[in-house]
Amino acid sequence: MTTAPAKAGWRFRQPSVIPGFGLTLGFSLAYLTLIILIPLSGLIWRSAALGWADFWAIATDRRTINALEISFGTAFFAAAVNVVFGTIVAWVLVRYSFPGRRIVDAMVDLPFALPTAVAGIALTTLYAPNGWLGSLLAPLGIKVAYTPLGIVIALIFIGLPFVVRTVQPIMEEIDKEVEEVAATLGANRFQTIARVLLPGLAPAIVTGFALAFARGVGEYGSVIFIAGNLPYKSEIAPLLIVIRLEEYNYAAATAIAAIMLALSFAMLLVINLVQTWSRKRYG
Amino acid sequence: MEVRVANVRKEFERFPALHDVSLDIKSGELIALLGPSGSGKTTLLRLIAGLERPTKGKIFFGEEDASQKSIQERNVGFVFQHYALFRHMTVADNIGFGLKVRHGPTRPSAQEIRRRASELLDLVQLSGLEKRYPAQLSGGQRQRVALARAMAIEPAVLLLDEPFGALDAQVRRELRRWLREIHDATGHTTVFVTHDQEEALELADRVVVMSQGSIEQVGTADEIYDTPNSPFVYGFIGESSALPVKVEDGQVWIADRPIGLSAPHAPQGEATLFFRPHDVELVDECNGCIAGTVAASRRVAGTRRVELEIGGERQRVEIELPVNHPAAQKSRVAFRPRRWKLFPTA
């Protein structure tokens, strides 16, 4: 084996003796270009036709800003809620065996399978002021349907499986001995969870958060039924894009889409960098 | 601290893993639990640690009944075969963990914890690796960190579960000697589990030989090797050969011939004769001896191992000869064990 001195800067990792590197890399690049890159660059190109001044005007429009705030804000909040409760659900599924465990396990995937519009209508029926849950909450002064709170609930429903399914396999790999060692060293249960178990799960939890968040930002079907869609109040960015399209204002639609794209990409990139950093550190 | 295991029984879902085991461990002693897999040695260690609860019986630390205490209160240092280090913590944080999780006035200051950690790192000869993560250490280094972490809490007793099992032979021998030195320097009462008899005999003050959930024999390396008290211990420790024999009129017989061994105190009837393959003398005239035809001969390190078929039953036994001994070339060899032991056939 020759070990050439490492040069500074980027270089291809030495491919292994097993063939296939060139073929699979070529295929991946062609595939990603076709499926993701070409449509997205079409989007950018279309919005670029708008000119900087018009683009800026659309981007800084109050309605656009509010819609983006609602979309990203509710998605962030819903993903945060899912991180807490999704992790608990995963813990119960991994650690305990109880009658009906498999059914509960399968139930977690339902939000994946259900048409999102069905979920939206079901949630709206439940949380409307005259619905089962809505009528209970109304006397307390809590309005869920047709408010951003309703959007959050729809996004929690949609995002749950992302957190559970990313955390679950990592949790299954936790070595029981690590917990036992912590106990012999005098750590109580709470300390063991906070200082030993959760830090080990953190990368998986962050991934689950990122997936749930990304899904929430782009979610349309379930949200539009429960949101009420009041401009400036409970109108999400994807809906605003559809409204612009229906007005044949393609340039404005693509401009909003491009902004969403840039924001989402930036956030996912940051999350990915955090992941890489932690993986390098802890192996 | 003294540890006393009193009539402990442990069942896992009705399946007994330990039957009525009792053991006294003196303060400052280094004890090995030795046995084949499934003998209950790890279960006994986990019971002492409090990682399992006994079905029956009690475990005392000094005068106190520890079986009523939780794992956290027992103050034991436990080291696992696969280290069980906290991956997301540095070496120093791993070692300081047991001190950091203490509450109130018993918790040392952060500075004191750091000082303790680097002191222990010196002891396990890993000074300067405070900032490393476990993934950046070799197996032997990881096990040293695990030991330092266990010692940081000043444990009443140090428990090691196959501590060198995952390491290669070279590192294992090195760590064995090093563990003995650490033990002599710190004086912690230490119990370790192993299935490697060489490790147990070389390292421990006393060896506890276990089989099928019971203690077979407790003793020093000399006692265990020279005066095994059961067929299991004779067969398990060191090399041994066994032959079915008969005791009559104070003589040992194979089939219809006396073999020149007198056993005036052995009970009459069927028995099994045990001896060490290297502890035999060859005889020329077979006039009260064991004779057999050579079935196989192998060179093992500095000696030659000869397999003999004895009598009409063609029982096979092994004896050891010097490499150039002429007897290995012959088709028939006669010998007499120098030291041997009889166990009546149950």
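Everything here concerns the structure above.
Quick caveat: nothing in here was measured; it's all calculated off a predicted structure.

Asks: Sorry, what's going on with the sheet that holds strand β2 (residues 15–25) of chain B here?
Replies: Within a sheet, adjacent strands bond to each other through the backbone by hydrogen bonds, running parallel or antiparallel. All names here are of chain B. Here 4 strands make up an open sheet; going across it, the order is β2-β1-β4-β5 and the pairing antiparallel. Across the chains shown, the open sheet's two edge strands, defined by having one partner strand only, are β2 and β5 (64–65). By the bridge criterion, 5 bridges tie strand β1 (residues 3–12) to strand β4 (residues 56–61) in an arrangement that is antiparallel. When the sheet's bridge partners are listed, Arg-4 is paired in β4 with Phe-60.

Asks: Looking at this structure, how should I read the interface of chain A and chain B?
Replies: A common way to express how large an interface is: the accessible area buried when the components associate. Counting residues at the interface gives 18 residues for chain A, matched by 20 residues for chain B. Mapped onto the side of chain A that touches chain B, the elements with two or more residues apiece are α9 (176–184), α10 (189–218) and α13 (250–282) of chain A. Here the side of chain A that touches chain B takes 6 residues from α9(A), the largest share from any one element.

Asks: I'm lost on the packing of helix α5 (residues 139–151) of chain B against helix α6 (residues 169–186) of chain B in this one. Help?
Replies: Packed helix pairs are characterised by how far apart their axes lie and by the angle those axes make with each other. Residues and elements named next belong to chain B. Look at α5 against α6: their axes get within 11 Å of each other, and the N-to-C directions meet at 20°. Taken as axis vectors, α5 and α6 run roughly parallel relative to one another. For the pair α5 and α6, the crossing hand works out as right-handed. In this structure, α5 uses Gly-139, Gly-140, Gln-143 and Met-151 to contact α6, whose residues at the interface are Val-171, Leu-175 and Thr-186. Residue composition of the contact of α5 with α6, by class: 3 nonpolar, 4 polar and no charged.

Asks: Would you take a moment to explain the environment of B:Ala169 for this structure?
Replies: Its place among the elements puts B:Ala169 in helix α6. Sequence separation of B:Ala169 and B:Leu147 is 22 residues, and the distance between their C-alpha atoms is 19 Å.

Asks: Can you walk me through the environment of B:Gly77 in this structure?
Replies: Note that B:Gly77 resides in strand β6 (residues 76–79). Looking at B:Gly77, the number of C-beta atoms within 10 Å reads 26, which means it is buried. Each residue touching B:Gly77, except ones within four places of it in the same chain, is listed here: A:Thr184, B:Ala150, B:Met151, B:Ile153, B:Pro155, B:Leu158 and B:Leu159.

Asks: What is the right way to read the packing of helix α3 (residues 91–100) of chain B against α5(B) from this model?
Replies: Residue and element names in this part refer to chain B. Where α3 meets α5, the axes come as close as 7 Å, and the angle between the chain directions of the two elements is 30°. Judged on the interaxial angle alone, α5 and α3 are roughly parallel. As α3 packs across α5, the resulting crossing turns out to be right-handed. Where α3 approaches α5, its residues Val-91, Asn-94, Ile-95, Phe-97 and Gly-98 are matched on the opposing element by Val-145, Ala-148 and Arg-149. In the contact of α3 with α5, the residues fall into 5 nonpolar, 2 polar and 1 charged.

Asks: Teacher, can you tell me more about α5(B) here?
Replies: Think of an α-helix as turning once every 3.6 residues; residues three or four places apart then point the same way. All names here are of chain B. The end-to-end C-alpha separation of α5 is 19 Å, in line with the 18 Å expected for 13 residues at 1.5 Å each. Judged by how many residues are buried, α5 sits mostly within the fold: 10 of 13 residues are covered. Looking only at α5, the buried set comprises Arg-142, Gln-143, Arg-144, Val-145, Ala-146, Leu-147, Ala-148, Arg-149, Ala-150 and Met-151. Tucked into the core, α5 has its buried residues touching β6, α3, α4 (110–123), β7 (157–161) and α6.

Asks: Please clarify how the pairing of strand β17 (residues 303–310) of chain B should be interpreted in this entry.
Replies: Strand residues, when the strand is regular, have side chains that alternate between the two faces of the sheet. Residue and element names in this part refer to chain B. Bridging between strand β16 (residues 290–300) and β17 involves 8 bridges; their strand directions are antiparallel. For Arg-298, the partnering residue across the bridge sits in β17 and is Arg-305. Hairpin connection from β16 to β17: 2 residues lie between these consecutive antiparallel strands, with Ala-301 at a positive phi of about 45°. Looking at chain direction, β17 and strand β18 (residues 315–322) are connected through 8 bridges and run antiparallel. The partner of Arg-304 across the bridge, within β18, is Leu-321.

Asks: Help me understand the nonpolar core in this model?
Replies: One recurring pattern in soluble globular proteins is that nonpolar side chains are buried together. Judged by nonpolar contacts, the single largest core of 104 residues is most densely connected at B:Ala32, B:Ile48, B:Leu159 and B:Val208. In this view, B:Val208 contacts B:Leu23, B:Ile31, B:Ala32, B:Leu33, B:Leu34, B:Ile215 and B:Val218; residues no more than four positions away in its chain are not counted. In this structure, A:Leu93, A:Leu201, A:Ile205 and A:Ile226 belong to the second largest nonpolar core, which totals 54 residues.

Asks: What is the right way to read the sheet that holds strand β11 (residues 241–248) of chain B from this model?
Replies: All names here are of chain B. Taken together, 5 strands build an open sheet; the order of strands is β13-β12-β11-β14-β20 and the sheet is antiparallel. Every interior strand has two partners, whereas the edge strands, β13 (257–262) and β20 (340–344), have only one. The sheet shows a mean angle of 40° between the axes of neighbouring strands, taken without regard to direction. As judged from the 5 bridges shared by strand β14 (residues 269–275) and β20, these two strands associate in the antiparallel manner. For Phe-275, the partnering residue across the bridge sits in β20 and is Trp-340.

Asks: Whenever I open this one, unusual backbone geometry confuses me. Can you help?
Replies: All names here are of chain B. The phi dihedral of Glu-13 is positive, around 45°, even though this residue is not glycine. Positive phi, close to 60°, is recorded for Gln-125, a residue that is not glycine. Structurally, Gln-125 can be placed in the loop between α4 and α5. Residue class for Gln-125 comes out exposed when judged on the 12 C-beta atoms lying within 10 Å of it.

Asks: Looking at this model, I keep getting lost on the environment of A:Gly73. Mind explaining?
Replies: Residues and elements named next belong to chain A. Note that Gly-73 resides in helix α3 (residues 62–95). You can call Gly-73 partly exposed: it has 13 C-beta atoms within 10 Å. Distance from Gly-73 to Leu-160, taken between C-alpha atoms, is 17 Å for residues 87 residues apart in sequence.

Conventions adopted
Residues numbered from 1 in each chain as written. Chains lettered and ligands numbered in written order. Predicted model: local features only at pLDDT ≥ 70, side-chain atom pairs only at ≥ 80, totals over all residues. Pairing = 2+ DSSP bridges. Helix = DSSP H or I, 4+ residues; strand = E, 2+ residues; numbered from the N terminus. Contact = placed C-beta atoms within 7 Å. Axes fitted to C-alpha atoms, helices over the stretch in contact; angles between N-to-C directions. Parallel < 35°, antiparallel > 145°, perpendicular 65-115°, else oblique. Left-handed = near helix turned anticlockwise from the far one by under 90°. Nonpolar A, V, L, I, M, F, W, Y, C, P; charged D, E, K, R; others polar. Buried ≥ 20, exposed ≤ 12 C-beta atoms within 10 Å, placed from the backbone. Expected span 1.5 Å × (residues − 1). Core = buried A, V, L, I, M, F, W, Y, C linked by C-beta atoms within 7 Å.

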